[in-house]
Structures are given as structure tokens and as C-alpha cells.
Amino acid sequence: MEEFRRTYSRLCKESGAEPQETVLQQMHQLPQGRLDLATQSLTVDTCRALGKLLQKEALLTELVLSDCMLSEEGAVLLLQGLCVNTILRFLDLKGNNLRAAGAEALAKLLRQNKSIQSLTLEWNSLGTWEEAFAAFCGALAANGTLRQLDLRNNQISHKGAEELALALKSNTSLQQLDLRWNHIGLLGGRALVNCLPSNRTLWKLELAGNSIPGDILRAVEQAMDHNQDRQTAFRESQARAHVLSKEVRHLREEKSKQFLDLMETIDRQREEMVRSSKASAARVGQLQEALNERHSIINALKAKLQMAEAALALSEQKAQDLGELLATAEQEQRSLAQRQAKEHRLEQQEAAERESKLLRDLSAANEKNLLLQNQVDELERKVKSQQDQLFLTRQELTNTAAELKMRAVQAEERLELEKKRSRKSLEDAEHLRFKEVEHMTRHLEESERAMQERVQRLEAARLSLEEELSRAKAAALSERSQAEEELIKAKNQVRLEEQQRLAHLEEKLRLLAQARDEAQSACLQQKQAVADAQARASQLDRQVEGLRRRLEELQQELSNKDQEKAAEVTRVRLELQEQNGRLQAELTAQEALKEKAAALERQLKVMASDHREALLDRESENASLREKLRLKQAEIARIRDEEAQRASFLQNAVLAYVQGSPLRTLSPQK
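Keep in mind that what you see is a predicted model, and the values were worked out from it rather than measured.

This part takes up the overall build of the protein. A count of helices and strands for the protein gives twelve helices and seven strands. Relative to its length of 670 residues, the protein is extended, with a C-alpha radius of gyration of 54 Å against a globular reference of 26 Å. Principal axes of the C-alpha set define a box for the protein whose edges measure 195 × 75 × 30 Å. Buried positions account for 27% of the 670 residues belonging to the protein. Within the protein, counting contacts between residues at least 6 apart in sequence, those at least 24 apart form 83% of the total.

The next subject is the nonpolar core. Ranked by internal contacts, the top residues of the largest apolar core, which has 73 residues, are L91, L121, L149, L151 and L179. Not counting residues within four places of it along the chain, the set of residues in contact with L91 comprises L63, L79, L82, L109, I116, S118, L119 and T120.

This brings us to the packing of helix α4 (residues 72-82) against helix α5 (residues 100-112). Following both chains from N to C, one finds α4 and α5 inclined at 0 degrees, their axes separated by 9 Å at the closest point. It follows that α4 is roughly parallel to α5 by the angle criterion. The residues of α5 that touch α4, namely those facing E72, V76, L79 and L82, are A100, A101, G102, A105, L106 and L109. Class assignment of the residues belonging to the contact of α4 with α5 gives a composition of eight nonpolar, one polar and one charged.

This part is about the confidence of the model for the protein. Per-residue pLDDT for the protein has a mean of 82; in total, 93% of the residues score no lower than 70. Predicted confidence is poor over residues 661-670, with pLDDT under 50, and the contacts of this stretch with residues over four places away or in other chains come to six contacts.

The next thing to look at is a negative patch on the surface. A contiguous patch of negative charge on the surface is contributed by E104, E130, E131, E162 and E163. Mapped by element, the contributors of at least two residues to the negative patch are α6 (130-142) and α7 (158-170). Structurally, E104 is set in helix α5.

Here the focus is the sheet that holds strand β4 (residues 118-120). If you walk across this open sheet you meet the seven strands as β1-β2-β3-β4-β5-β6-β7, and the pairing is parallel. The two strands at the open ends of the sheet, each matched to only one other strand, are β1 (34-36) and β7 (204-206). For this sheet, the mean angle separating the axes of adjacent strands, direction not counted, is 0 degrees. Where strand β5 (residues 148-150) and strand β6 (residues 176-178) come together, three bridges link them in parallel fashion. Across the sheet, the residue bridging to D150 is D178, located in β6.

In this structure, W123 takes a positive phi of about 60 degrees despite not being glycine. On the secondary structure map, W123 appears in the loop between β4 and α6. A positive phi angle, close to 60 degrees, is found at W181, a residue other than glycine. Positionally, W181 belongs in the loop between β6 and α8 (185-195).

Glancing now at a positive patch on the surface. Together, K246, R249, R252 and K596 line one region of the surface with positive charge. Per-element accounting of the positive patch gives the leading share, three residues, to helix α9 (residues 214-303). Here R249 lies in helix α9. A residue is classified by how much of its surface remains accessible, and R249, at 43% relative accessible area, is partly exposed.

Turning our attention to a nonpolar patch on the surface. On the surface, a cluster of nonpolar side chains totalling about 250 Å² of accessible area is made up of F259, L260 and M263. Of note, F259 is situated in helix α9.

Here Q563 shows up in helix α12 (residues 524-659). Since its relative accessible area comes to 31%, Q563 is described here as partly exposed. Distance from Q563 to N194, taken between C-alpha atoms, is 8.4 Å for residues 369 residues apart in sequence. Those residues within four positions of Q563 in sequence are excluded, and the remaining contacts are V193 and N194. At a separation of 2.9 Å, a polar atom in the side chain of Q563 contacts the side chain of N194.

How each quantity is defined
- Sequence positions are assigned chain by chain, starting from 1 and proceeding in written order.
- Totals for whole chains, interfaces and linings use every residue, but because this is a predicted model, local features are given only for residues with pLDDT of at least 70 and side-chain atom pairs only at 80 or more, for both listing and counting.
- For side-chain calculations, the full set of non-hydrogen atoms in the structure is used, while hydrogens and water are omitted.
- Strands here mean DSSP runs of E at least two residues long; helices mean DSSP runs of H or I at least four residues long; both are numbered from the N terminus.
- Taken over C-alpha atoms, the radius of gyration is set against a globule rule of 2.2 Å times the number of residues to the power 0.38.
- Partly exposed residues are those whose accessible area sits between 20% and 50% of the maximum for their type, while under 20% is buried and over 50% is exposed, using a 1.4 Å probe and protein chains only.
- The contact rule is simple, with two residues in contact once any of their heavy atoms fall within 4.5 Å.
- We define the nonpolar core as a collection of buried residues of types Ala, Val, Leu, Ile, Met, Phe, Trp, Tyr and Cys that are connected through side-chain atoms lying within 4.5 Å of one another.
- Orientation is described by axes fitted as lines to C-alpha atoms, over the contacting stretch for helices, and by angles from 0 to 180 degrees between their N-to-C directions.
- Orientation is classified from the angle alone, with under 35 degrees giving roughly parallel, over 145 giving roughly antiparallel, 65 to 115 giving roughly perpendicular, and any other angle giving oblique.
- Asp, Glu, Lys and Arg are counted as charged, while Ala, Val, Leu, Ile, Met, Phe, Trp, Tyr, Cys and Pro are counted as nonpolar; the rest, among them Gly, fall into the polar class.
- pLDDT: the predictor's confidence for each residue, scored from 0 to 100.
- Each patch groups residues whose relative accessible area exceeds 30% and which form no salt bridge, using 9 Å between like charges and 5 Å between nonpolar side chains of Val, Leu, Ile, Met, Phe, Trp and Tyr.
- Every accessible area reported is derived by Shrake-Rupley at a probe size of 1.4 Å, with residue values counting cover from the shown protein chains alone.
- Here a salt bridge means any side-chain nitrogen of Lys or Arg lying within 4 Å of a carboxyl oxygen belonging to Asp or Glu.
- We treat Lys and Arg as the positive residues and Asp and Glu as the negative residues; His and chain ends play no part in the count.
- To locate a charge, take atom NZ for lysine, CZ for arginine, CG for aspartate or CD for glutamate.
- Whether two strands pair comes down to DSSP finding at least two bridges between them.
- Under the rule applied, a polar contact is a pair of N or O atoms within 3.5 Å (in protein, one hydrogen donor and one hydrogen acceptor; residues adjacent in sequence only if both atoms are side-chain atoms).

Okay, structure coming up:
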């Protein structure tokens, strides 16, 4: 806040003025986000500096300037600075006697500022200038952020109330409006009542102390209650929509989690299949290498056939090694087949569990859809019953309107007859009274002239005293303490002088009253006759006025009933439209849920078919691997038989060579 004070002092010095000490003290005691300058006399230079400061100040949210004796120029400078402020929320300008220029500056503020939500303008004079107040009301109609407006004691007439009513028809943000202790009257009250059906945001309107009839005040209270009910219904609908959106979001998240889990399991299965295929390929490669080695060994045996016993011993050892390798390969093959069978069974069990879980989720979603359908049916039945009630109220409205029209026609006929009679009697009485009054006024004019001269002298003395008081007030702004003492002395002197003058004038008035009483005593008899005629005329006037009031009351009751019926019909229509909108939204949500459930079912079917195809592919691959292994085993057995035959042939040949018998006598075994 020290930076705030320094900036204010710098702006005052740049404009060539000294900063006010009272303002600096209030800034020193500044609470968080609030500047209170109430009852401080702000000069034009201070207002200019504050206006420049508030253009860029981002800390203040509340500004209190009540009873600051702002001049028109100072108020305009302050409000110009607030036009570009985007942080201020609360502004209090109570008791500053704002007039035409202030109203125009406020209109500019309401059009440009988008942050002020509460504006207090109590004890000003905005309503005395109709054009400026009309501009203020036009800006209020275009404003979209103001929530609370206080216009108490602003001398607002019925024309100003009509401008406010036009503004309220277009405004969509104002919630509280205080118009107490103005001059709105019957016409202004009617204009405000007529604008309320088109405004749905205003829920508090204060109209006490405006000479407004009780039926209009009751209509305003009914409209405010209706708006409050509408606001509560709107908040409840927002809460329900929020809850439904949360539930839909939760369902979406659950479905997305389930889908991601399914995708993860599918990815794992694919990875396992890739690993198993790689392992089987590696095993086949190893077996192929072993077979290649065996081929090389067989070729080496063919090359070393001439080495008898040594080569035979080596071949037997190699045959034994090959038998061991085959046994290990067979064991590995059996273990691999067992592992693959176990994995296949586990995968089938997991797939069955997933399918059962998804079926349970689908059944739960179907149950929710049935519940929502039942709710929709109940709401449709309620809509039908409300439509029947609306039809009955319309019939009652037409019947009452016809009866009231008949009564109004009869009352008008009676009123015309009474008017004709009263006019004749009034014309006669007025003619007689006019002659008598002319005779009396001639005698009283001379005494009135003398009294007027004396009143003019007193008025001149009063004007001089008022000038002295204005000078004392001007001096009080600069030096308050000294000015108060001087003002007290001046008031005492003025009171003494006024008492002396009043005593002198009272003596003169007493003498004049005696002369007037003597003159009036002669006219008492004539006045009694005039009074009798006036009494008869006043009785007739009262009768006519009573009939006129009765007719106005009947017309007012008829208009109130029409307005109430129209408001009730519009309210029922709006409620039906809102209920239809909610039902349509719920139906669309149900359709979206059904579509999502169908999409999930399709995805499950696709995933199940893909899983089945993958299992079939795995089984076909396993079958092909088994067939390859069987062929390899058969080939290994054939190679062993051929090697055994060749070894026996070599053994026989060696024995025959050793014994010396020819080779052709030997026949190889087939």
C-alpha cells in the first residue's frame, strides 16, 4: 500500500497540486482491497489523480466515496478513470449530489466497465434531469455485469421510472434494485409492473415511500417471488445437469478404462504370441543346426570308413551322443507342448471371465436405461395433467373477463348520468360564487399589496443572510475548525437579528390582522352563502370522485387479473418448455448411452472374433510344428537305420577281408 500512496503523491505533484493529508492518512490505514474515503472533502486535483491511479490499480476491489462533496468536474474525472478499470467490484457514491454531468459520466461508466457488480447512488439528484437520466437508463440496459443498484432519494419521477422500466426489459444481469423514497407514483409503478414479466433476473425491487398503491406493490412482490422461484429452479436444474454430466463423465471414464484394459490384454497376448513364435523359430533353428552337424558327422564317417575299429568306435560313440541329444530334444518338446497347453487353458479362462464381466456391465446399463425410461413416462404424465389445468384456467379467465366488461359498461353509464347532473349544479354555484368573490377581492388587494412589499423586503434580507451563509460554507472547506466557530457566531447573530425583525413584523402583522378582521366581519354573511354552495359542490365532487375511483379500481383489478393470468400462462409455458428440454436432453443422453453400449458390444464381438482367430492361428502353428517334429523324428530314425546297415556292411567286409574270402561271395543285407 506504500506504493499506492507514493503513486498518488506523484500524480498530484505532476498536476501541480499538493496531496491531501486526509486522503494520505486513509491510504495509510488501507485494508486489503478496500479504499474508504467517506466524508472526506475531495478537491478536483485529488479526483484527477485518483482517476489516473484507478486506471492501472489492480489491488482495489471496493471504493467508498460517500458524502465526499464531489463537484461535477471531480465526479466526471473519477468516473472516467474507472471506465477502463477491470478489478473494482463495489462502488459507493452516496450523498454527492450528482446531477446531469454525473449521470452522463455514470452512463459512460456502465457502458464501458465490465467488472463493477454493486453501485450505490443514494442521496443524489439523478432524476431531476430527464435527458441525463434517460442516458443512464440506456447504459443500464446495455450493461451485463451489474448485480446490485441503489437509487434511493434521487428525485426520480414517473418519467424516470418509465425509462428504468425500458432498461429493465433489456437488462439480463441486475438482481437487486432499490428505488425507495423517490417520486415514482402510480404511473411509474404501473410502468415498472409492466416491465417485470420480460425480466427474469431481478428478484428484489424496493419501492417504499413512492406513493404507489398497494395493489401495484403486491403485483411487484408477486413478480419478485416468481423470479426468485425461477432462479431457484434454474439453480436446481444446473445442479442436476452438473450431476448428470458427472455421471456421464464417470461412465465414460469407466468404459475407457475397460477398453484400455482390453487393449492391454490384447497387446499382452500378441506379445506372448510373438515371443512364443520367436522361441519356436529359435528351437527349429537349433534343430536344423543339429541336423546339419549330424550330416557333417555322417560325411566324416563316410570319409573314414577305411579306419576299422577306431572309426567304428567313434561312430558308436557319436550314435550314443545323438541318442542322448534326441532324448533331450523329445523331453523339451514334451515340456513345450505341456506349457503351451497350460497357457492355452489360462487364456481361455481369462477370455471367459472378461466376457462374463462385460455381460454384467451390459445388464447394469440396460437396467439404468429402463429406470430412465420410467422417469420419462412419469414426466409425460405430469405434462398432460398440467396442460389440462392450463385449459381450465383459460376458460375461467374468459368467463371473468366477460363479467368484468359487463360491470364496466354499467358503471360507465351511471358515471355519465351523474356527471351531467353535477355539471349543471356546479355551473350555477360557480356563477354565484364568482360574483361574490370579485367583490371581496377588491377590498383585499390593497392589503395584499402592502404585505407583498414587506415580504419583498424580508426576502432581500433573507438573500443577504444566505450569501453570508454561503461564504461561511466556502470558508469551512479550507479551515474547518475556525469556520465552525465563525459559523456558530454568525448563526447566533443572524438569529438575534431575525428575532428582532420577526418581532417587529409580528407587530405589524397583528395590526394588519385587526384591520383585516374588521374587513372580513362584513363579508362573513356572504361567505356563509358561498360556503353552503361550495359544500354542495364539494359533495357532488366527492360523489363523482368516488365513482371515478371505483371505476379505476375496477379497471385496475381487471388489468391485474389479466396480468396475473398472462404471467401464470407464461410461467406454465416456460415450465413446460423447460421440462420438455430436460426430457429431450435425457432422451439424447439415453440414446448416446445406447449407442455407446452398442459400440462396446461391437468392439467386444470384434475382439472375441480376433481372439478366436488368433487361437486358431496358434493351434494351426502348433499342429504344423508337431508335423515338422514328426517328420524330423522319422528322418532321424531313417538315418540311424542307414548308419546301422552301413556299419554292419563294413563289419562284414572287414571280417571277410581278414578271413581271405572274396567279397563277391558276400551279399549285403537288405
